[in-house]
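Letter by letter, the chains look like this.
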Amino acid sequence: MLVKKFLSGPIGTNCYLIINDVTKEAVVVDPASCPIHLQECVEREKITIKAILLTHAHYDHILGIEDVIDHYGEMPVYVHENDRVMLENSDINMSCNVGYPYEYHRAETVRDGQILNLIGHEIKVLHTPGHTPGGVCYYIASEGVLISGDTLFAGSVGRTDFPGGSFMDLIRSIREKLLVLPDDTHVYPGHMDSTSILSEKQNNPFI
């Protein structure tokens with residue numbers, strides 16, 4: 001498996017391609033846009049995109065959904081059931097606040113513990129509320145990979161001052177769902193650099 005990061009959207013969100021390097025099938029995580037460097041990678045590596053995974057529904061993680069679909073065809077878009085209303089309302093997802101009102105109404109909802117069988121891998125949904133009510137991380141145990149969205153960052157955690165946020169819920173989510181993962185799990189967050197579970201246990205001042 002390959003995980004490739006592409007900065008995208010108005011504030012430089014980490015958009016990821018998770019690629020099966022044998023079949024060349026991939027999923028896109030949190031497309032804030034469909035940046036040209038992602039398109040070039042897809043074309044160069046002859047990748048087939050099979051789905052879009054959303055860690056949560058804030059504007060800076062969703063604005064590129066339609067662009068990805070326009071380029072690569074209809075595909076399922078997954079969001080946690082508690083963030084669906086946010087995805088479908090441009091006031092709640094705050095896209096109105098930045099001058100790009102955006103809503104998406106065709107998403108499929110996921111729940112905690114659900115396994116998505118995509119691109120030849122089992123991708124487990126970990127519901128980690130706190131940044132948003134429906135925030136999730138995606139865990140691929142066979143590869144030791146965690147896509148943490150805006151739940152856990154390198155040396156930090158997600159903001160909780162937006163509507164629906166809760167610092168207590170966020171810290172509980174991290175401690176109960178993420179810190180129990182193997183220490184060598186690679187963590188790919190929604191912003192900034194990648195990290196590991198062990199590094200966050202040792203160095204993150206919030207946890």
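Above this text is the structure in question.
Residues numbered from 1 in each chain as written. Predicted model: local features only at pLDDT ≥ 70, side-chain atom pairs only at ≥ 80, totals over all residues. Heavy atoms only, no water.

Let us look at the side chain of Thr-132. Residue position: Thr-132 is located in the loop between β8 (121-127) and β9 (136-140). The exposure class of Thr-132 is buried, given its relative accessible area of 0%. Among the polar contacts listed, one links the side chain of Thr-132 to the backbone nitrogen of Gly-135, at a separation of 3.0 Å. (Helix = DSSP H or I, 4+ residues; strand = E, 2+ residues; numbered from the N terminus. Buried < 20%, exposed > 50% of the residue type's maximum accessible area, 1.4 Å probe, protein only. Polar contact = N/O pair within 3.5 Å; in protein donor to acceptor, adjacent residues only side chain to side chain.)

Time to look at the pattern of salt bridges. Counted by the stated rule, this structure contains nine salt bridges. Close ionic contact of Arg-84 with Glu-88 constitutes a salt bridge, the shortest N to O distance being 3.1 Å. Taking the relative accessible area as the measure of exposure, Arg-84 reaches 30% and is therefore partly exposed. On the accessibility criterion, Glu-88 (25% relative accessible area) is partly exposed. The salt bridge partner of Arg-159 is Asp-161, with a shortest N-O separation of 2.7 Å. Overlapping salt bridges bring together Lys-24, Arg-44 and Glu-45 as one network. (Salt bridge = Lys/Arg side-chain N within 4 Å of Asp/Glu carboxyl O.)

Sheet strands pair by backbone hydrogen bonding; their relative direction is either parallel or antiparallel. Judged by pairing direction, the sheet is mixed, and its six strands sit side by side in the order β1-β2-β3-β4-β5-β6 without closing on themselves. For this open sheet the edge positions go to β1 (2-8) and β6 (108-110), each flanked by a neighbour on one side alone. In this sheet, neighbouring strand axes are inclined to one another by 30 degrees on average, regardless of whether the strands run parallel or antiparallel. The pairing of strand β2 (residues 13-19) with strand β3 (residues 25-29) spans four bridges and is classified as antiparallel. Within β3, the position partnered with Tyr-16 by the bridge is Val-29. Each of β1, β2 and β4 (48-53) touches helix α1 (residues 36-45); the most contacted strand, β1, lies at about 150 degrees to it. Those strands touched by helix α2 (residues 65-72) are β3, β4 and β5 (77-80), and its axis lies near 160 degrees from that of β4. (Pairing = 2+ DSSP bridges. Axes fitted to C-alpha atoms, helices over the stretch in contact; angles between N-to-C directions. Contact = heavy atoms within 4.5 Å.)

Grouped together as the largest cluster of nonpolar side chains are 30 residues, with contacts concentrated most on Leu-17, Ile-52, Ile-65 and Leu-87. Only β2, β3, α1, β4, α2, β5 and α3 (84-87) provide two or more residues apiece to this core. Residues within four places of Leu-87 in sequence aside, it is in contact with Leu-54, Ala-57, Ile-62, Ile-65, Val-79, Asn-93, Tyr-102, Glu-103, Tyr-104 and Ala-107. Ile-18, Ile-119, Val-125 and Ile-140 belong to the second-largest nonpolar core, a separate cluster that totals 20 residues. (Core = buried A, V, L, I, M, F, W, Y, C linked by side-chain atoms within 4.5 Å.)

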